[in-house]
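Each chain, letter by letter, is given below.
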Amino acid sequence: DLAAIIADCLAVSPSDRPSMDEIVTRLDRRSTVRAKLVHGALRHRGILAIAALAIVFVAGSAVVCLSTRPSPLERGLGAAAALSDDGRHSEAIEELRQLLVAEPSSLEVRYELGKALVRMQDHAGAAIVFGELCERSNDPRYRAAWSYCLAECAYFDPALMHGMKAIEDGLVDVTIK
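Residues numbered from 1 in each chain as written. Predicted model: local features only at pLDDT ≥ 70, side-chain atom pairs only at ≥ 80, totals over all residues. Heavy atoms only, no water.

*Asks:* Explanation requested: the overall build of the chain in the structure shown.
*Replies:* Regarding its fold elements, the chain presents 9 helices and 0 strands. Each helix and strand of the chain, placed in order from N terminus to C terminus, yields the pattern α-α-α-α-α-α-α-α-α. Per-residue burial over the chain gives 29% buried out of 177 residues. Relative to all contacts within the chain whose residues are 6 or more apart in sequence, the contacts with residues 24 or more apart total 40%. A total of about 11,800 Å² of accessible surface is found on the chain, and carbon and sulfur atoms cover 62% of it. (Helix = DSSP H or I, 4+ residues; strand = E, 2+ residues; numbered from the N terminus. Buried < 20%, exposed > 50% of the residue type's maximum accessible area, 1.4 Å probe, protein only. Contact = heavy atoms within 4.5 Å. Areas by Shrake-Rupley, 256 points an atom, 1.4 Å probe, with all protein chains shown as cover.)

*Asks:* Please explain unusual backbone geometry as it appears in this structure.
*Replies:* Among all residues except glycine, the phi angle is most often negative; among peptide bonds, the trans geometry is most common. For Gln121, which is not glycine, the phi dihedral falls at a positive 65°. Within the fold, Gln121 resides in the loop between α6 (107–119) and α7 (123–136). A relative accessible area of 52% places Gln121 in the exposed class.

*Asks:* Teacher, can you tell me more about a nonpolar patch on the surface here?
*Replies:* On the surface, Leu2, Ile6, Leu10 and Leu27 cluster together into a nonpolar patch covering about 360 Å² of accessible area. Along the chain, Ile6 turns up in helix α1 (residues 2–9). (Patch = residues over 30% accessible without salt bridge, like charges linked within 9 Å, V, L, I, M, F, W, Y side chains within 5 Å. Salt bridge = Lys/Arg side-chain N within 4 Å of Asp/Glu carboxyl O.)

*Asks:* Teacher, can you tell me more about the environment of Asp16 here?
*Replies:* By secondary structure assignment, the location of Asp16 is in the loop between α1 and α2 (20–43). Taking relative accessible area as the criterion, Asp16 reaches 53% and is therefore assigned exposed. Setting aside residues up to four positions removed in sequence, Asp16 forms contacts with Asp8 and Ala11.

In structure tokens, the structure reads:
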């Protein structure tokens, strides 16, 4: 280390100071290590370039992998959809309820939960979910779904009112089941 060489040269006692030959040897040793590293790097620059490219490739692959991985919300919705497609609606409802605990602000989870409840013929439960959605958003799909559930529960006047409002809001087509 250069600081140690200078400190030794500044020793108070002349007998503690290194000789000129010692200083040259220590400086040569120091520069020799650096020279060897530089010379080795220059001599093997092809290998260093390949190693650098490998590092960049691995890092890039990790970034792509992490950025294209579905979010927990997307994975949960996918799992619930798969359960529902297999006719396992009660399991899909449970999956959606657990997802709703983790993502309480997700309108999409609530909408899928309402549709799953409709598939289980729980129109009253679905009407509650769709009603909450209507309070949170003006999406006409939610109002139409709420209207459908209210009609299924024999609440015809509110169902008609919300159905007309959904059409006024621009609803053209919606699939609930």
